[in-house]
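Survey of secondary and tertiary structure
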Amino acid sequence: MTAEQPKLSARELELLRETIRLSEESKARGRHPFAALVADEQGNIVSQAGNNSMPPEGDPTQHAELVAAALAARTLSPEALAHCTLYTSAEPCCMCAGAVYWTGIGRVVYALSEHTLLGLTGDHPENPTFSLPCREVFARGQRRVEVVGPLIEDEAAAPHRGFWQS
Ligand SMILES: [Zn+2]
């Protein structure tokens, strides 16, 4: 586990738990158990999304984080986005980390690490998880993105248990 993990406020933890609740909703809709939301500094939810990566309704680029980030970027200025946080039930993949970077969102808080997720999904054809921490993606950018996580991994893993084995 990472050493100097900043402590989340009660509201921030509540927002992270909300993404886990939304990931259960995604699963109930027949989608993959992932969800994300973008909130401003006051903890107001700006946008939220569940996974929608399955055609024909969705497509493989419709990861929850990418959709939530894109929706936020349609309503907020770059200055406002810089003060927003993307909360997500699982660490953003490199595509979604790219979306956070390009929308200018300033911070990411995630529950399940990509490494732990990889252990849960294995090489499942619908979700062949990358082994690439989002911090490594952000480290190559020209703009700083703060990252907090992993957190409450047991809670975030629950919707995935048994899902990828069927
Ligand atoms: Zn992704």
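A quick note: this is a predicted structure, and the numbers were derived from the prediction, not measured. (Residues numbered from 1 in each chain as written. Predicted model: local features only at pLDDT ≥ 70, side-chain atom pairs only at ≥ 80, totals over all residues. Heavy atoms only, no water.)

Bringing the side chain of E65 into the picture now. Tracing the backbone shows E65 in helix α2 (residues 64–75). Within the buried set, E65 has no salt-bridge partner at all; the shortest N-O distance to an opposite charge, 12 Å, is to R29. (Helix = DSSP H or I, 4+ residues; strand = E, 2+ residues; numbered from the N terminus. Buried < 20%, exposed > 50% of the residue type's maximum accessible area, 1.4 Å probe, protein only. Lys, Arg positive; Asp, Glu negative; His and termini not counted. Salt bridge = Lys/Arg side-chain N within 4 Å of Asp/Glu carboxyl O.)

Moving on, we get to the nonpolar core. Counting residues in each nonpolar core, the largest one holds 25 residues, and the members touching the most others are V38, L86, V100, I105 and F138. Among the elements that make up this core, the one with the highest residue count is α2 (six residues). Those residues in contact with L86, other than ones at most four positions away along the chain, are L37, V38, E65, A68, A69, P92, V100, I105, R107, V108 and V109. Among the nonpolar cores identified, the runner-up in size contains 19 residues, and L15, F34, L112 and A156 belong to it. (Core = buried A, V, L, I, M, F, W, Y, C linked by side-chain atoms within 4.5 Å. Contact = heavy atoms within 4.5 Å.)

Let us look at the coordination of the zinc ion. The textbook angles at a metal center are 109.5 degrees for a tetrahedron of four donors and 90 or 180 degrees for an octahedron of six. Here the zinc ion is held by H63 (ND1), C93 (SG) and C96 (SG), and the distances to it run 2.0 to 2.3 Å. Of note, the donors binding the zinc ion are all from one chain and are spaced H-x29-C-x2-C. With a gap of 33 residues between them, H63 in the loop between β2 (45–50) and α2 and C96 in helix α4 (residues 94–103) connect regions that are remote in the sequence. (Donors = N, O, S within 2.8 Å, 3.2 Å for Na, K, Ca; no water.)

Below, the discussion takes up the packing of α2 against α4. The N-to-C vectors of α2 and α4 enclose an angle of 15°; their axes lie 8 Å apart at closest approach. On the basis of the axis angle, α2 is roughly parallel to α4. The hand of the α2/α4 crossing is left-handed. Contacts between α2 and α4 pair E65, L66, A69, A70 and A73 from the former with M95, C96, A99 and T103 from the latter. Residues of the contact of α2 with α4, tallied by class, amount to seven nonpolar, one polar and one charged. (Axes fitted to C-alpha atoms, helices over the stretch in contact; angles between N-to-C directions. Parallel < 35°, antiparallel > 145°, perpendicular 65-115°, else oblique. Left-handed = near helix turned anticlockwise from the far one by under 90°. Nonpolar A, V, L, I, M, F, W, Y, C, P; charged D, E, K, R; others polar.)

Turning to the pattern of salt bridges, a few remarks are in order. Pairing is possible between side chains that carry opposite charge, provided their charged atoms lie close to one another. Throughout the structure, instances matching the rule amount to seven salt bridges. Residue R107 is joined to E12 by a salt bridge in which the shortest nitrogen-to-oxygen separation is 3.0 Å. With R107 in strand β4 (residues 107–112) and E12 in helix α1 (residues 10–28), the pair connects residues that are 95 residues apart, well separated along the chain. Of the residues examined, R107 reaches a relative accessible area of 14% and is grouped as buried. Taking relative accessible area as the criterion, E12 reaches 17% and is therefore assigned buried. Connected through shared salt-bridge partners, E12, R107 and E146 make up one network.

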